[in-house]
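Spelled out from the first residue to the last, the chains are:
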Amino acid sequence: MPTQLYGIPAPSPGQNTQMGLRPPNTTNVMDRGNLFPQAPLSRAQILERVNAIPQKPNTESGKQAYEVDVNAWDQMHGNAPPSLEHPYPIKPGMAQAGSGECFGCGEITDPPHMGYTCNATEPLCPQETHWHQLVMNMLW
Ligand SMILES: [Zn+2]
């Protein structure tokens, strides 16, 4: 027969209700981590990838270098859409992707205009338009 220990009161039903306080619920945070193992990229991380291909200066040689970049991109990725893994070259003289530029021509005007009101004489190629849209959707 076990010896009764005095000084250590056995839990009584009345005490159980006081000890029933739940610890702070952290399971939701952990569940989120399991559901979305890849944390969304921060704005800075997105911009870093967007700028992976440096924009060429708006000069004749810069435009030629841009053409080389575009041709290289097309050869490597074909008709695949641009993505953060495969950033598209930005046309010289045009705004950086995700800076509020027009998707049609790549320019920021005052007042701003968007693709459906764009009447640029030299619109961007479809891939570059897509790229501007993609970056904008991620940043805004
Ligand atoms: Zn435009």
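Residues numbered from 1 in each chain as written. Predicted model: local features only at pLDDT ≥ 70, side-chain atom pairs only at ≥ 80, totals over all residues.

Caption draft 1: Spotlight on the overall build of the chain. The number of helices and strands found in the chain is five helices and zero strands. Ordered by position in the sequence, the α and β elements of the chain form the string α-α-α-α-α. Going through the 140 residues of the chain one by one, you find that 17% of them count as buried. (Helix = DSSP H or I, 4+ residues; strand = E, 2+ residues; numbered from the N terminus. Buried ≥ 20, exposed ≤ 12 C-beta atoms within 10 Å, placed from the backbone.)

Caption draft 2: Representation of the environment of methionine 138. Its location among the elements puts methionine 138 in helix H5 (residues 126-139). Here methionine 138 falls in the partly exposed class, since 17 other C-beta atoms lie within 10 Å of it. Through-space distance from the C-alpha of methionine 138 to that of serine 42 is 9.7 Å; in sequence the pair is 96 residues apart.

Caption draft 3: Spatial organisation of the environment of isoleucine 108. Structurally, isoleucine 108 is set in the loop between helix H4 (60-77) and H5. A count of 14 C-beta atoms within 10 Å places isoleucine 108 in the partly exposed class. Separated by 14 residues in the primary sequence, isoleucine 108 and methionine 94 have C-alpha atoms spaced 7.8 Å apart. Once residues within four sequence positions are removed from consideration, isoleucine 108 is found in contact with Ala95, Ser99, Gly100 and Glu101. (Contact = placed C-beta atoms within 7 Å.)

Caption draft 4: Highlighting H4. Under the 1.5 Å per step criterion, the end-to-end length of H4 is 26 Å for 18 residues, consistent within 8% with the ideal 26 Å. Downstream of H4 by a residue or two, glycine 78 has a phi angle that is positive, lying close to 60°. (Expected span 1.5 Å × (residues − 1).)

Caption draft 5: Seen up close, H5. Here H5 spans 20 Å end to end across 14 residues, near enough to the 20 Å set by a 1.5 Å rise per residue. Within the sequence span of H5, burial applies to Glu128, Thr129, Trp131, His132, Leu134 and Val135. Residues of H5 that are buried sit in contact with helix H3 (43-50).

Caption draft 6: Geometry of the confidence of the model for the chain. Considering every residue of the chain, the mean pLDDT works out to 83; 73% of them sit at 70 or more. Averaged pLDDT values for the elements of the chain fall to 49 in helix H2 (residues 27-35) and rise to 97 in H4. Taken as a whole, residues 26-33 scores under 50 in pLDDT and shows zero contacts with residues more than four places along the chain or in a different chain. (pLDDT = per-residue confidence, 0-100.)

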